Amino acid sequence: MPAEVLDVLQKSATSDSIVPYNNGNDLYGFHFETLDDGRKLLVYAKMKDINSQSAYSIVISIIILICVAIFDLALSMRFSRRMTNSIREIIKAARDYARGNWETTVECSSNDELKELSDSISIMASKTRDYISYINDMARKDALTGLRNKTDYLLYIEKINSEYIKENRLFS
């Protein structure tokens, strides 16, 4: 080993550095480690081998990073799609309730806050449906006698007429 390499290693090199040395034909990299008993272990290799190994490590790191990014993107798209579908179901049910269709149910497959929200909306719709039924029953009965009133009678006639029209269309 050339004396100038030993001088550089002893004076300026740390155990983390690679000291380059050109022997005329090839460029070498020297590295040393201090052993537990105080001796120094010297390792050297051609710089082109060291650089090719570094380039290989960088390429592998980039490939791993791209794979992790693709996996993360697929996973986040799955979760966002699931959340979006749950929100769409809740919006659809809310629109049906706004149109007066209180029989609509909210289906939510997640087990998070959206599930809790959809369950609360379903309970609200059920209670509203019960209140509407109760109010309609109260509106169709006389408050003093409890007998059916004119409103109930008119609704009953309308129902019979619509059934009669449907039956006559079937036989015509």
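Located above this text is the structure these notes cover.
Here the structure is a predicted model, which is why all the values come from computation and not from measurement.

**Comments concerning the overall build of the chain**
Assigned secondary structure in the chain consists of four helices and three strands. Along the chain direction, N to C, the helices and strands of the chain fall in the order α-β-β-β-α-α-α. A buried classification covers 14% of the 172 residues belonging to the chain. Within the chain, counting contacts between residues at least 6 apart in sequence, those at least 24 apart form 21% of the total.

**A short note on the sheet that holds strand E3 (residues 40-46)**
Note: strands within a sheet are paired through backbone hydrogen bonds, in either parallel or antiparallel orientation. Sheet architecture is open: three strands sit in the order E1-E2-E3, paired in antiparallel fashion. Lying at the two open borders of the sheet, with one neighbouring strand each, are strand E1 (19-22) and E3. Pairwise comparison of adjacent strand axes, ignoring direction, gives a mean angle of 30° for this sheet. Sheet contacts for helix H2 (residues 47-98): strand E2 (27-34) and E3; angle to E3, the most-contacted strand, approximately 85°.

**A look at the pairing of E1**
A one-sided burial pattern is seen for E1, the buried positions being Val-19 and Tyr-21 and the unburied ones Pro-20 and Asn-22. Sheet topology note: the E1/E2 ladder contains four bridges and is antiparallel. When the bridges of E2 are listed, Pro-20 appears paired with Gly-29. Hairpin connection of E1 to E2: four residues between the antiparallel strands, including Gly-24 at a positive phi of 110°.

**Notes on the packing of aromatic side chains**
What characterises a pair of aromatic rings is the spacing of the ring centres plus the angle enclosed by the ring planes. Per the stated rule, a full pass over the model turns up one aromatic pair. With 5.3 Å between their ring centres and 10° between their planes, Tyr-97 and Trp-102 make a pair best called stacked. Judged by its relative accessible area of 7%, Tyr-97 falls in the buried class.

Rules used in this analysis
Residues numbered from 1 in each chain as written. Predicted model: local features only at pLDDT ≥ 70, side-chain atom pairs only at ≥ 80, totals over all residues. Heavy atoms only, no water. Helix = DSSP H or I, 4+ residues; strand = E, 2+ residues; numbered from the N terminus. Buried < 20%, exposed > 50% of the residue type's maximum accessible area, 1.4 Å probe, protein only. Contact = heavy atoms within 4.5 Å. Pairing = 2+ DSSP bridges. Axes fitted to C-alpha atoms, helices over the stretch in contact; angles between N-to-C directions. Phe/Tyr/Trp six-rings, centres within 6.5 Å; stacked < 30°, edge-to-face > 60°.

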